[in-house]
Amino acid sequence: MTITASLRLYGLGAIILIALVTCSRGGVGTPLFLVGLAIAGTAYLVAVREFFRTRRFPHQVVFMCLALAALWRIPFLMMPIGSDDDIHRYLWDGRVQRLGYNPYIVIPADPAVARLHTPETRGLNHPELPSPYPAGAQLFFRAVTAIHESIFAFKIAFVVCDFAIVLVLLDMLRRSGQGEHWVLAYAWHPLLATNVAGSGHIDILGVLLLLVSAAALGRRRRMIAAIAFGLAVSVKFLPIVLIPLYWRRLRLRDGLLAALVFALLYVPFLEHGRIPTGSLNTYVKSFRFNDPVFATLERVASPQIVAGLALLVGLVAAGWLRSKPLSCCMDKWAWPMAASLACAPVVYPWYLLWLLPFLRSTSTLPLMVWTISILPTYIVWHLRAIGHPWQLPGWVLLLEYGSVAIAVAIVSLRHGAQTVAQAPPEEVPPGSHGGDDAPILY
């Protein structure tokens with residue numbers, strides 16, 4: 001029997017399914033969790049290789065593979081949440097808004113608001129700080145709690161966002177003439193099972209809004225692109241580095257509309273006419289995780305300056321990519337955010353969710369590798385549970401960023417070899433036969 005590309009894809013999907021179901025049975029960061037993630041991540045990268053090698057897969061194959069992706073999200077959807085996961089903060093922020101309080105001012109640990117807690121909010125992380133999340137995220141928290149005030153309601157809402165991203169990607173792929181199977185480069189990623197269906201993170205809402213903006217911009221629906229971009233930035237500030245990509249592709253009124261939408265979202269939270277930031281400044285000053293570049297630069301500059309540099313790096317990368325045709329590829333959306341994240345004070349695995357819908361070209365292979373090589377950082381959750389400090393072991397950092405460096409080197413060497421192979425042959429002067437060293441032209 002001939003093993004076709006479709007059969008190989010089914011086999012890889014089965015491996016990811018078994019690995020992720022196994023992963024969901026272990027606590028975050030435990031050996032069982034990490035082994036399952038490692039197997040799933042490896043199978044995912046092998047599947048990406050199949051996506052590059054095969055121009056088209058049959059529609060039914062893509063559909064069945066998407067069904068597999070839906071299947072392995074279920075055990076994570078049912079998996080209990082850690083006591084200090086961010087989703088508890090989401091529930092608290094939404095709840096206090098509905099009770100008439102400002103989440104940028106109210107401190108969860110304040111005895112005066114102890115009566116506002118529920119069993120699901122009492123264990124939220126950093127209760128000594130007000131919320132750091134932007135206004136768009138806050139209003140989403142309020143909307144979800146208005147429907148049903150529970151952790152599970154948030155997880156369902158995030159899975160719906162995940163599903164919507166798949167639909168938008170399929171539409172984009174069909175319109176651009178690319179193979180529909182590239183939707184699996186997004187849908188099959190292990191980060192989605194663990195951080196959307198599993199622990200549940202607000203980033204997936206921002207990813208959806210940013211993808212809608214990119215799709216609308218590609219179809220010259222500039223007003224929709226502007227509004228969606230403003231909403232994406234209001235969920236988390238990371239995509240603000242993409243502003244150069246919109247320069248002169250949006251009308252001035254579109255840009256002003258995006259700014260207006262962003263500003264209006266903060267109106268319900270204004271305090272004495274000031275725009276609230278909650279614990280955002282504390283986050284920049286004190287929070288650290290997986291930050292080798294930031295930690296190095298922080299030795300010679302203040303955290304605020306280094307954070308500003310991280311923003312500048314992303315803006316410069318977007319400005320440099322601005323010259324590429326919009327229809328050329330989607331990597332221009334991923335690289336500026338990746339460059340900014342690489343210099344950030346905190347790089348949790350779920351931050352890389354922002355990159356996933358835009359990884360479809362060979363130039364983004366290093367970023368694909370990063371989204372997998374970051375998975376071992378989950379070991380810190382287990383180490384903390386057994387009494388170790390909240391600090392990444394050196395070997396994890398070496399594995400994570402060393403893998404990315406190797407991928408960059410491989411892509412660069414291959415690109416250089418292709419450039420040499422495609423270079424025009426050296427001209428031979430008229431009347432010259434070139435001798436034994438003359439190039440042979442075919």
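Residues numbered from 1 in each chain as written. Predicted model: local features only at pLDDT ≥ 70, side-chain atom pairs only at ≥ 80, totals over all residues. Heavy atoms only, no water.

Chemist: Looking at this structure, how should I read the overall build of the chain?
Modeler: Of the regular secondary structure elements, the chain holds 19 helices and zero strands. The C-alpha atoms of the chain give a radius of gyration of 24 Å, which matches the 22 Å a tight globule of 442 residues would have. On the principal axes, the C-alpha backbone points of the chain span a range of 95 × 55 × 45 Å. For the chain, the proportion of its 442 residues judged to be buried stands at 50%. A separation threshold of at least 6 residues defines the contact pool for the chain, and within that pool the share at least 24 residues apart is 75%. (Helix = DSSP H or I, 4+ residues; strand = E, 2+ residues; numbered from the N terminus. Rg over C-alpha atoms; globule rule 2.2 N^0.38 Å. Buried < 20%, exposed > 50% of the residue type's maximum accessible area, 1.4 Å probe, protein only. Contact = heavy atoms within 4.5 Å.)

Chemist: What should I look at first to understand helix H5 (residues 135–147) in this one?
Modeler: Quick reminder: α-helices carry 3.6 residues per turn. Residues three or four places apart thus point the same way. Taking 1.5 Å of rise per residue, 13 residues should cover 18 Å, and H5 covers 19 Å from first to last C-alpha, within 8% of that figure. Every buried residue belonging to H5 is among Ala135, Gly136, Ala137, Gln138, Phe140, Phe141, Val144 and Thr145, and all of these are buried. (Expected span 1.5 Å × (residues − 1).)

Chemist: Hey, could you run me through unusual backbone geometry in this one?
Modeler: Most of the time, phi is negative for any residue but glycine, and the peptide bond is trans. Residues other than glycine seldom take positive phi values, yet Arg220 does so here, at roughly 60 degrees. By the element assignment, Arg220 lies in the loop between helix H9 (203–218) and helix H10 (222–235). We note that Arg248 has phi near 65 degrees; this positive angle belongs to a residue other than glycine. Summarising the element assignment, Arg248 is placed in the loop between helix H11 (243–246) and helix H12 (252–265).

Chemist: Sorry, what's going on with the environment of Val62 here?
Modeler: Note that Val62 resides in helix H3 (residues 59–78). Residue contacts for Val62: discarding those within four places in its chain leaves Phe57, Glu180, His181, Val183 and Leu184.

Chemist: Looking at this structure, how should I read the packing of helix H15 (residues 303–321) against helix H16 (residues 331–342)?
Modeler: Helices that pack against each other are described as a pair by the angle of their axes relative to one another and the distance between those axes. Following both chains from N to C, one finds H15 and H16 inclined at 160 degrees, their axes separated by 7 Å at the closest point. It follows that H15 is roughly antiparallel to H16 by the angle criterion. Remark: the crossing between H15 and H16 carries right-handed chirality. Contacts from Ala310, Leu311, Val313, Gly314, Ala317, Ala318 and Leu321 of H15 reach H16 at Lys332, Trp335, Pro336, Ala339 and Ser340. Per-class residue counts for the contact of H15 with H16 are nine nonpolar, two polar and one charged. (Axes fitted to C-alpha atoms, helices over the stretch in contact; angles between N-to-C directions. Parallel < 35°, antiparallel > 145°, perpendicular 65-115°, else oblique. Left-handed = near helix turned anticlockwise from the far one by under 90°. Nonpolar A, V, L, I, M, F, W, Y, C, P; charged D, E, K, R; others polar.)

Chemist: Just checking my understanding: could you explain the environment of Leu375 for this structure?
Modeler: The residue Leu375 is located in the loop between helix H17 (365–373) and helix H18 (379–385) in this model. It is 8.3 Å that separates the C-alpha atoms of Leu375 and Gly41, two residues lying 334 residues apart in sequence. Discounting chain neighbours no more than four positions away, the residues touching Leu375 are Leu34, Leu37 and Leu191.

Chemist: What should I look at first to understand the packing of aromatic side chains in this one?
Modeler: We describe a pair of aromatic rings using the distance from one ring centre to the other and the angle between the two ring planes. The full count for this structure, using the stated rule, is 32 aromatic pairs. Centre to centre, the rings of Phe140 and Phe158 are 5.9 Å apart; their planes meet at 20 degrees, and the pair counts as stacked. In this pair, Phe140 is assigned in helix H5 and Phe158 in helix H6 (residues 151–176), connecting sequence segments 18 residues apart. Of the residues examined, Phe140 reaches a relative accessible area of 16% and is grouped as buried. The interplanar angle of 75 degrees and the centroid separation of 5.8 Å between the aromatic rings of Phe289 and Trp381 together place this pair among those described as edge-to-face. Taken together, the positions of Phe289 in the loop between helix H13 (280–286) and helix H14 (292–297) and Trp381 in helix H18 put the pair 92 residues apart, joining distant regions of the chain. Judged on exposure class, the residue Phe289 and its partner Trp381 are both buried. Three or more aromatic residues joined by ring pairs form one cluster here, namely Phe33, Phe289, Tyr348, Trp350, Tyr351, Tyr378, Trp381 and Trp390. (Phe/Tyr/Trp six-rings, centres within 6.5 Å; stacked < 30°, edge-to-face > 60°.)

Chemist: Help me understand a nonpolar patch on the surface, please; the structure alone is not making it clear to me.
Modeler: Taken together, the side chains of Leu71, Ile74, Met78, Phe152, Ile156 and Val160 define a hydrophobic patch exposed on the protein surface, amounting to about 550 Å² of accessible area. Along the chain, the position of Val160 falls in helix H6. (Patch = residues over 30% accessible without salt bridge, like charges linked within 9 Å, V, L, I, M, F, W, Y side chains within 5 Å. Areas by Shrake-Rupley, 256 points an atom, 1.4 Å probe, with all protein chains shown as cover. Salt bridge = Lys/Arg side-chain N within 4 Å of Asp/Glu carboxyl O.)

Chemist: For this particular structure, what's the right way to read the pattern of salt bridges?
Modeler: It is possible for side chains bearing opposite charge to pair when their charged atoms get close. Summed over all chains, the structure comprises 10 salt bridges. The closest approach of N and O atoms between Asp171 and Arg219, which form a salt bridge, is 3.6 Å. A residue pair is termed long-range when its members are at least 10 positions apart, and Asp171 in helix H6 and Arg219 in the loop between H9 and H10 qualify at 48 residues. A relative accessible area of 29% places Asp171 in the partly exposed class. Overall, the relative accessible area of 32% leaves Arg219 in the partly exposed class. The partner of Arg251 in a salt bridge is Asp254, and the shortest N-O contact between them spans 2.8 Å. Overall, Asp254 belongs to the buried group, its relative accessible area being 0%. Taken together, the salt bridges that share partners define one network made up of Arg95, Arg98 and Glu149.

Chemist: Explain the packing of H6 against H9 here, please?
Modeler: At a minimum axis separation of 9 Å, H6 and H9 run at an interaxial angle of 20 degrees. One finds that H6 runs roughly parallel with respect to H9. Relative to H9, H6 is oriented so that their crossing is left-handed. Every residue of H9 that contacts H6 at Phe158, Cys161, Asp162, Ala164, Ile165, Val168, Leu169 and Met172 is listed here: Ile204, Leu205, Val207, Leu208, Leu211, Val212 and Ala215. Here the contact of H6 with H9 is composed, by residue class, of 14 nonpolar, no polar and one charged.

Chemist: Before we go on, may I ask you to explain the nonpolar core in this structure?
Modeler: Among soluble globular proteins, nonpolar side chains are generally buried collectively. By size, the foremost hydrophobic cluster in this structure holds 119 residues, and its most contacted members are Trp188, Ile202 and Trp370. Counting residues per element, this core draws most heavily on H6, which supplies 12 residues. Among residues more than four places away in sequence, those in contact with Ile202 are Tyr90, Tyr133, Ala137, Phe140, Phe141, Phe158, Val235 and Lys236. Core analysis: the second largest hydrophobic core is formed by six residues, Trp92, Val113, Leu116 and Leu124 among them. (Core = buried A, V, L, I, M, F, W, Y, C linked by side-chain atoms within 4.5 Å.)

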